[in-house]
Amino acid sequence: MKKILVALALAVAIPVALANDHHHGGPNLDRIAEQLQLSEAQKSRMKTLFDEQQVQRQALHDQMRAKMAELLTPEQRAKMEQLHAARKAHWKEKHARHCGHHEDPKTS
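Rules behind the numbers
- The numbering scheme is per chain: residues are counted from 1 as the chain's sequence reads.
- With the structure being a predicted model, the display of local features is reserved for residues of pLDDT at least 70 and the display and counting of side-chain atom pairs for 80 or more, all residues being used for whole-chain, interface and lining totals.
- Processing note: side-chain calculations cover all non-hydrogen atoms of the structure and skip hydrogens and water entirely.
- Here a helix means four or more residues in a row that DSSP labels H or I, a strand means two or more in a row labelled E, and each is numbered from the N terminus.
- We call two residues in contact whenever any of their non-hydrogen atoms come within 4.5 Å of each other.
- For the area figures, the Shrake-Rupley method with a 1.4 Å probe applies, and any residue is considered shielded solely by the protein chains shown.
- Convention adopted: a line fitted to C-alpha atoms gives each axis, helices being fitted over their contacting stretch, and angles between N-to-C directions are expressed from 0 to 180 degrees.
- By definition, any crossing whose near helix is turned counterclockwise from its far helix by less than a right angle is left-handed, and any crossing with a clockwise turn is right-handed.
- Classes in brief: Ala, Val, Leu, Ile, Met, Phe, Trp, Tyr, Cys and Pro nonpolar; Asp, Glu, Lys and Arg charged; the others, Gly included, polar.
- To define a nonpolar core, start from buried Ala, Val, Leu, Ile, Met, Phe, Trp, Tyr and Cys residues and group those joined through side-chain atoms within 4.5 Å.
- A 1.4 Å probe rolled over the protein chains alone gives each residue an accessible area, and that area as a share of the maximum for its type sets the label: buried under 20%, exposed over 50%, partly exposed in between.
- Each residue gets a pLDDT score, which is the predictor's confidence in that residue and runs from 0 to 100.
- In what follows, salt bridge is the name for a side-chain nitrogen of Lys or Arg lying within 4 Å of a carboxyl oxygen of Asp or Glu.
- The arc refers to the directions leading from the helix axis to the C-beta atoms.
- Contacts described as polar in this section are N or O atom pairs within 3.5 Å, which, within protein, must combine one atom able to donate a hydrogen with one able to accept it, while residues neighboring in sequence count only if both atoms come from side chains.

### Comments concerning the overall build of the chain
In terms of helices and strands, the chain carries 4 helices and 0 strands. The N-to-C order of helical and strand elements in the chain reads α-α-α-α. In the chain, 50% of the contacts between residues at least 6 apart in sequence involve partners at least 24 apart. Of the accessible surface of the chain, which amounts to about 8,400 Å², a share of 58% is contributed by carbon and sulfur atoms.

Here's what the structure looks like:
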């Protein structure tokens, strides 16, 4: 049971951390291109690599969530979804404050 709880916590936390990559120390193509003096062709290829990696991370995340859901009871799955929704809402609010976006909570 403890392993399942740890996996659940990671399933909720990791995607949020990965989503923040581009804003908090993760791959920043402009910064990398400037520091390495990349050509336009290199920048284009680097962007493709970043995009491919993001797709792979999302697929891995989705696969892990599906496998975790198979292990849980219906009540636990419902709780996992509640936790995920709460974390996602918290991240959206934090991101909006950080980036200066002001969304109407009723439309989000």
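### As for the packing of helix α2 (residues 29-36) against helix α3 (residues 40-71)
Two numbers describe how α2 lies on α3: the axes approach to 11 Å, and their chain directions differ by 140 degrees. The two elements α2 and α3 meet at a crossing, and its hand is right-handed. On α3, the residues that touch Leu 29, Ile 32 and Ala 33 of α2 are Lys 43, Met 46, Lys 47 and Phe 50. Residues of the contact of α2 with α3, tallied by class, amount to 5 nonpolar, no polar and 2 charged.

### Regarding the nonpolar core
Soluble, globular proteins show a tendency: their nonpolar side chains are buried together. Leu 29, Ile 32, Ala 33, Leu 38 and Phe 50 form the largest nonpolar core, which has 5 residues in total. At 3 residues, α2 tops the list of elements feeding residues into this core.

### What to know about unusual backbone geometry
You will see that Gln 37, though not glycine, has its phi angle at about 50 degrees, which is positive. For Gln 37, the position within the fold is in the loop between α2 and α3. On the basis of relative accessibility, which here comes to 69%, the residue Gln 37 falls in the exposed class.

### Re the packing of α3 against helix α4 (residues 74-99)
Two numbers describe a pair of packed helices, the interaxial angle and the distance between the axes. Interaxial distance between α3 and α4 falls to 9 Å at its minimum, and their mutual angle equals 145 degrees. In this structure, α3 contributes Arg 65, Met 68, Ala 69 and Leu 71 to the contact, and α4 contributes Gln 76, Arg 77, Met 80, Glu 81 and His 84.

### Remarks on the confidence of the model for the chain
For the chain, the mean per-residue pLDDT works out to 78, and 67% of the residues sit at or above 70. α3 holds the highest mean pLDDT among the elements of the chain, 93, whereas helix α1 (residues 2-19) holds the lowest, 56. Taken as a whole, residues 103-108 scores under 50 in pLDDT and shows 2 contacts with residues more than four places along the chain or in a different chain.

### Some details on the pattern of salt bridges
Using the criterion set out here, one finds 5 salt bridges in the structure. Close ionic contact of Arg 65 with Glu 81 constitutes a salt bridge, the shortest N to O distance being 2.6 Å. With Arg 65 in helix α3 and Glu 81 in helix α4, the pair connects residues that are 16 residues apart, well separated along the chain. Overall, the relative accessible area of 13% leaves Arg 65 in the buried class. Given the relative accessible area of 40%, Glu 81 is considered partly exposed.

### A short note on α2
If you check which residues of α2 are buried, you get Leu 29, Ile 32 and Ala 33. Projection of α2 onto a plane perpendicular to its axis shows the buried side chains occupying an angular sector of 100 degrees, all on one side. Seen from the buried face of α2, the exposed residues on the opposite side, beyond 90 degrees, are Asp 30, Glu 34 and Gln 35. Buried residues belonging to α2 abut α3. The distance from a side-chain oxygen at the start of α2 to the backbone nitrogen of Asp 30 is 3.2 Å, and the residue carrying that oxygen is Asn 28.

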